[in-house]
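# Residue-level structure breakdown
Take a look at the letters that make up each chain.
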Amino acid sequence: MSTSTPARAAGATADFLDTRIGASKLVKEFARKIFPDHWSFLLGEIALYSFIVLLLSGTFLTMFFVPSMAEIHYPEDALPVTMQGVQMSEAFASTLKLSFAVKGGLLMRQIHHWAALMFMAAIVTHMLRIFFTGAFRKPRELNWIVGFLLMVLGLVAGFTGYSLPDDVLSGNGLRITDGITKGVPIIGSYASFLIFGGEFPGVDIIPRMFTAHILVVPGLILALVAVHLMLVVVHKHTQYPGPGRTNKNVVGFPLFPVYMAKAGGFFFIVFGVLALMGATMSINAVWNYGPYDPSPVSAGAQPDWYMLFLEGSLRMMPGQAEFVVGGFTVPLNVIIPAMIVPGILLGALALYPFIEAIATGDKREHHVLDRPRNVPFRTAFGVAVLAELIMLALAGSNDLIATHFSLSINDITNTFRVLFFVLPVVTFWITKRICLGLQRRDREIVLHGRETGTIIRMATGEYVEVHKPLDDFERWTLVGYEAPRPREIEPAEDSRGVRRKGYRLDSFKAALSRVFYEDRIEPVTPAELAAAHSHGEHDMLPGGTDNVEPTALAGSGQDTGHTS
Amino acid sequence: MKALAASRRHRLAPVLLVLLALLATGVVYSMIAPAPKAVAEAANADDIATGEALFVANCATCHGINAQGGPAGPSLIGVGAAAVDFQVSSGRMPMSSNGPQAPVKPPQFTGEQTAALAAYVASLGPGPSIPTEEMVDPTLGNAAAGMELFRTNCGQCHNAVGAGGALSEGKYAPSLMDTPPSEIYEAMLTGPQSMPVFNDANITPEEKRDVIAYLVAQREPAAGGLTLGGLGPVSEGLWVWVVGIGLLIGSAIWLGAKSS
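Keep in mind it's a predicted model, so treat the numbers as computed, not measured.

Once that is clear, we can look at the overall build of chain B. Check the secondary structure of chain B and you find twelve helices and two strands. Shown N-terminal to C-terminal, the secondary structure of chain B runs as helices and strands in the order α-α-α-α-α-α-α-α-α-β-β-α-α-α. A compact globule built from 260 residues should have a C-alpha radius of gyration of about 18 Å, whereas chain B, at 27 Å, is more than 25% larger. Projecting the C-alpha coordinates of chain B onto the three principal axes gives extents of approximately 125 × 40 × 35 Å.

Okay, a nonpolar patch on the surface next. Together, Val418, Phe421, Val422, Val425, Val426, Trp429, Ile430 and Ile434 of chain A make up a nonpolar patch on the protein surface, roughly 790 Å² of accessible area in all. With a relative accessible area of 37%, Val426 of chain A lands in the partly exposed category.

Here we take up the state of the cysteines. All told, the structure shown has zero disulfides over all chains when counted by the stated rule. In this structure Cys59 of chain B is not part of a disulfide, and its nearest cysteine sulfur, from Cys62 of chain B, lies 8.9 Å away.

Next up on the list: the confidence of the model for chain B. When pLDDT is averaged across chain B, the result is 85; 95% of the residues are at 70 or more. Low pLDDT, under 50, characterises residues 36-41 of chain B; the stretch is placed with nine contacts to residues that sit more than four places away or in other chains.

Take the interface of chain A and chain B next. With 63 residues of chain A at the interface, the matching set in chain B holds 50 residues. Of the roughly 4400 Å² buried between chain A and chain B, counting both surfaces, carbon and sulfur atoms make up 71%. Interface area lost by chain A to chain B is led by Trp39, Thr82 and Ala299 of chain A, which between them contribute 13%. Where chain A packs against chain B, one counts one salt bridge. Note that Arg151 of chain B and Asp293 of chain A form a salt bridge whose closest N and O atoms lie 4.0 Å from each other.

Further remarks concern the packing of helix 16 (residues 409-448) of chain A against helix 17 (residues 472-479) of chain A. Residue and element names in this part refer to chain A. The N-to-C vectors of helix 16 and helix 17 enclose an angle of 150°; their axes lie 10 Å apart at closest approach. With respect to helix 17, the axis of helix 16 lies roughly antiparallel. At the point where helix 16 passes helix 17, the crossing takes the left-handed sense. For the pair formed by helix 16 and helix 17, the contact residues are Asp442, Ile445 and Val446 on the first element and Arg475, Leu478 and Val479 on the second. Taken together, the residues of the contact of helix 16 with helix 17 break down into four nonpolar, no polar and two charged.

Attention now moves to helix 11 (residues 205-217) of chain B. Under the 1.5 Å per step criterion, the end-to-end length of helix 11 of chain B is 18 Å for 13 residues, consistent within 8% with the ideal 18 Å. Every buried residue of helix 11 of chain B is listed here: Lys208, Arg209, Asp210, Val211, Ile212, Ala213, Tyr214 and Leu215 of chain B. The inward-facing, buried residues of helix 11 of chain B abut helix 11 (286-289) of chain A together with helix 8 (143-153) and helix 10 (181-190) of chain B.

Here we take up the domain arrangement of chain B. Often the size quoted for an interface is simply the accessible area lost on bringing the parts together. Residues and elements named next belong to chain B. Each domain of chain B was delimited in the assignment, giving domain 1 (39-124) and domain 2 (134-217). Spacing between the C-alpha centres of domain 1 and domain 2 amounts to 22 Å. In this complex, domain 1 contributes 13 residues to the contact, which on the side of domain 2 involves twelve residues. With both sides pooled, the region where domain 1 packs onto domain 2 buries about 1100 Å², and carbon together with sulfur makes up 51% of that total. The three residues of domain 1 that bury the most area against domain 2 are Phe86, Pro100 and Gln101, which together make up 53% of that side's buried surface. Our count for the contact surface shared by domain 1 and domain 2 stands at zero salt bridges. Our count for the contact surface shared by domain 1 and domain 2 stands at three residue pairs in polar contact (both at pLDDT 80 or more). Of the residues belonging to the side of domain 1 that touches domain 2, the class tally is seven nonpolar, four polar and two charged.

Along the chain, Val152 of chain A turns up in helix 6 (residues 141-163). Owing to a relative accessible area of 28%, Val152 of chain A belongs among the partly exposed residues under this scheme.

This part covers the pattern of salt bridges. All names here are of chain A. The final tally for this structure, using the stated rule, is 23 salt bridges over all chains. Between Arg175 and Asp178 there is a salt bridge whose closest N-O contact spans 2.8 Å. Taken as a pair, Arg175 and Asp178 lie in helix 7 (residues 168-183) at a separation of three residues, close to a single helical turn. A salt bridge links Glu474 to Arg450; its shortest N-O distance comes to 3.1 Å. With a gap of 24 residues between them, Glu474 in helix 17 and Arg450 in strand 7 (residues 450-457) connect regions that are remote in the sequence. A relative accessible area of 32% places Glu474 in the partly exposed class. For Arg450, a relative accessible area of 37% translates into the label partly exposed. What emerges from the salt-bridge pattern is a single network uniting Arg137, Glu356, Asp370 and Arg378.

Here the focus is helix 12 (residues 308-316) of chain A. Summarising burial for helix 12 of chain A: seven of the nine residues are buried, a large majority. Listed as buried for helix 12 of chain A are Leu308, Phe309, Leu310, Glu311, Gly312, Ser313 and Met316 of chain A.

Moving on: the packing of helix 6 (residues 80-89) of chain B against helix 10 of chain B. Residue and element names in this part refer to chain B. Viewed as axis vectors pointing N to C, helix 6 and helix 10 meet at an angle of 125°, and their least axial separation amounts to 9 Å. When the interaxial angle is binned, helix 6 and helix 10 end up oblique. Crossing of helix 6 against helix 10: the hand is left-handed. Contacts between helix 6 and helix 10 involve Ala82, Ala83, Asp85, Phe86 and Ser89 on the former and, on the latter, Glu183, Glu186, Ala187, Leu189 and Thr190. Across the contact of helix 6 with helix 10, the residue classes break down as five nonpolar, two polar and three charged.

With an omega dihedral of -5°, the bond running from Phe200 of chain A to Pro201 of chain A counts as a cis peptide bond. Cis geometry is adopted by the peptide bond preceding Pro94 of chain B, which originates at Met93 of chain B and carries an omega value of -5°. Secondary-structure assignment places Pro94 of chain B in the loop between helix 6 and helix 7 (111-124). Its identity as a non-glycine residue notwithstanding, Ala67 of chain B has a phi of 60°, on the positive side. Despite not being glycine, Asn159 of chain B shows a phi value in the positive range, around 80°. Owing to a relative accessible area of 3%, Asn159 of chain B belongs among the buried residues under this scheme.

Conventions and cut-offs
- Residues numbered from 1 in each chain as written.
- Chains lettered and ligands numbered in written order.
- Predicted model: local features only at pLDDT ≥ 70, side-chain atom pairs only at ≥ 80, totals over all residues.
- Heavy atoms only, no water.
- Helix = DSSP H or I, 4+ residues; strand = E, 2+ residues; numbered from the N terminus.
- Rg over C-alpha atoms; globule rule 2.2 N^0.38 Å.
- Patch = residues over 30% accessible without salt bridge, like charges linked within 9 Å, V, L, I, M, F, W, Y side chains within 5 Å.
- Areas by Shrake-Rupley, 256 points an atom, 1.4 Å probe, with all protein chains shown as cover.
- Salt bridge = Lys/Arg side-chain N within 4 Å of Asp/Glu carboxyl O.
- Buried < 20%, exposed > 50% of the residue type's maximum accessible area, 1.4 Å probe, protein only.
- Disulfide = S-S within 2.5 Å.
- pLDDT = per-residue confidence, 0-100.
- Contact = heavy atoms within 4.5 Å.
- Buried area = accessible area lost by both parts, 1.4 Å probe.
- Axes fitted to C-alpha atoms, helices over the stretch in contact; angles between N-to-C directions.
- Parallel < 35°, antiparallel > 145°, perpendicular 65-115°, else oblique.
- Left-handed = near helix turned anticlockwise from the far one by under 90°.
- Nonpolar A, V, L, I, M, F, W, Y, C, P; charged D, E, K, R; others polar.
- Expected span 1.5 Å × (residues − 1).
- Domains from an automatic or database assignment.
- Polar contact = N/O pair within 3.5 Å; in protein donor to acceptor, adjacent residues only side chain to side chain.

Have a look at this one:
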């Protein structure tokens with residue numbers, strides 16, 4: 001008896017599938033897919049798994065939620081006591097019923113909402129990883145755009161879901177949407193009437209949001225997730241720089257079995273954390289706010305965290321910016337904070353890969369990631385945009401900052417108004433200096449090894465510190481990068497004095513390139529390293545130090561420590 | 001009658017008539033107008049004397065020796081016992097230092113001393129009196145009606161569940177999560193600091209009790225678990241980053257570290 005019954009059955013099934021759909025090819029293709037190992041490569045998975053949890057819990061919720069704005073009175077004998085006999089919409093009443101009467105309903109609602117917050121948080125964290133490591137470079141620019149669209153769709157999904165229960169808070173959010181829509185020049189009021197089916201709030205918006213929230217947006221997200229993952233497979237995974245890792249290989253483990261186990265296990269961890277949060281931490285207790293009524297707006301009325309930057313932008317804007325021209329109101333106090341500011345910030349984010357590609361002038365593929373310090377402009381730019389967004393989110397929480405830190409809300413708002421312009425500049429400058437400083441330190445370490453703190457006395461009476469040299473593996477990580485130089489362009493006129501076509505575009509590209517790469521620290525070259533090892537004469541080598549500021553090497557000139 | 005008819009054209013007759021008309025108006029008003037409750041309170045003369053002594057020692061610096069007010073503090077004539085009870089028993093008065101707003105702190109006076117102070121101030125002029133136990137009993141109120149009143153009149157500053165909120169220039173609407181029912185009632189009645197007065201014509205005593213019932217209902221354990229401060233989406237967002245992303249990045253590092 002050579003094969004047992006189960007093995008024969010498995011073999012037969014495999015054969016059945018292989019002969020019909022070519023399963024063995026698929027399995028071979030996917031199971032042998034190599035993934036490099038790093039915790040930051042799991043951030044996107046958090047988003048994916050949160051989305052799966054959203055689909056599962058959301059399906060449960062649709063079985064009890066009634067997307068209707070018909071007016072009813074909440075039963076006198078139903079929980080919670082604060083809602084008994086209150087007039088409300090069916091959407092709100094069904095949310096209450098779902099929370100208080102349906103077994104497990106509140107848990108599902110809370111898991112769903114926490115998963116939504118987690119989905120956005122994971123997307124943002126994942127995007128930060130992609131951005132700061134330069135994983136968006138060729139050939140992955142399109143996947144960056146897909147990811148960006150997924151983030152925007154996540155915002156839309158979150159916003160439409162937040163609006164469904166028809167409580168005061170969600171109604172306030174819709175009121176702001178209505179205000180922003182009406183602020184759009186020329187078409188504003190028509191667009192608002194179109195969205196709300198008449199004057200705000202009308203009776204159509206909840207059913208419309210419902211369709212968007214459970215059908216259109218998740219459908220689009222699913223489709224784009226499929227594209228996103230397919231592109232990951234097509235492009236192969238990026239990897240961090242290290243010995244043996246090049247743009248032509250991927251160092252890691254196969255999808256099957258290592259990553260199947262890791263990724264599968266991670267799904268349950270994500271689900272577990274979300275269930276834990278849903279079970280222990282109250283979220284969006286709509287009965288606190290009561291059914292929507294356009295008149296009350298309570299203190300502490302804010303959107304979910306991912307929309308806070310928009311809230312902050314609106315809160316910071318001085319109201320005087322509205323004026324009337326020939327009978328038409330031009331609400332710059334809405335247009336600037338709600339359209340122009342987010343437009344610039346999000347637009348810069350979406351287009352960054354293309355802008356950087358122009359500045360670099362690089363057409364090669366990149367599969368090895370950058371250490372953030374090695375691309376000072378990008379890192380500084382990312383930190384500046386991030387700081388601006390965080391500052392806007394804090395401005396959207398200015399009332400809570402005021403009460404919790406005993407500050408004057410007026411002072412906070414005025415401070416943020418100044419920071420809005422100052423903070424990006426300051427954070428950009430500081431981050432860039434830190435990056436350049438770290439690169440210089442890397443050079444120092446490569447050239448002279450690490451300080452050990454051991455002082456020895458030479459026979460001549462001289463004291464020197466022992467420096468421990470790097471091994472080849474450590475050194476690889478520190479020197480294995482490129483420092484792009486600003487683009488050089490051909491002259492404006494050729495040898496016969498004829499103006500060259502495309503010169504102005506080229507000079508623009510060159511100017512952009514200078515902004516990106518004027519300040520840079522070149523990696524240590526083998527020649528420099530050899531010179532450093534032969535007693536500190538490297539600074540006399542020609543060509544080795546042309547792009548390093550003299551201060552970077554000033555210290556190393558006097559350095560005596562390389563006792564290898 | 002002849003004398004009356006003769007004096008009809010006396011030059012003082014119009015003055016007399018005006019005086020009579022004023023007297024009649026006053027009498028009619030006193031019959032129609034609601035009787036000020038503070039006057040009805042049978043204040044003990046001893047209490048008033050004790051209260052006056054306490055007042056002169058602790059409050060007169062700002063409010064004036066006769067509670068007439070001054071540059072540093074308002075007049076207390078006619079604010080009633082409710083205002084004194086609210087300010088003193090919550091520790092807001094006496095104020096420890098000048099600031100945008102008098103904060104709640106441990107009360108400086110015992111219950112008896114507070115009552116004496118209240119009696120003294122009430123004796124200066126009629127004003128709202130301290131509510132009875134029954135008037136502030138949350139079990140007699142309708143929390144659902146209170147919810148509607150609260151979000152229409154109070155939530156704008158105090159937050160939807162009374163967690164408090166910011167006002168301009170460092171002033172704030174305090175959290176009502178631990179405020180005793182009597183103080184909630186007195187605050188509505190007297191409008192302390194930045195708060196408007198919600199008199200009995202605006203929100204009736206029964207409605208005030210409904211509001212108290214709503215606020216006390218918020219102190220029950222929350223249906224969904226930890227309330228995270230009752231501050232809404234901002235605190236939820238903070239916690240998803242701290243707890244959620246924190247735990248999951250921790251797990252990701254654990255998963256990523258296992259193989260190597």
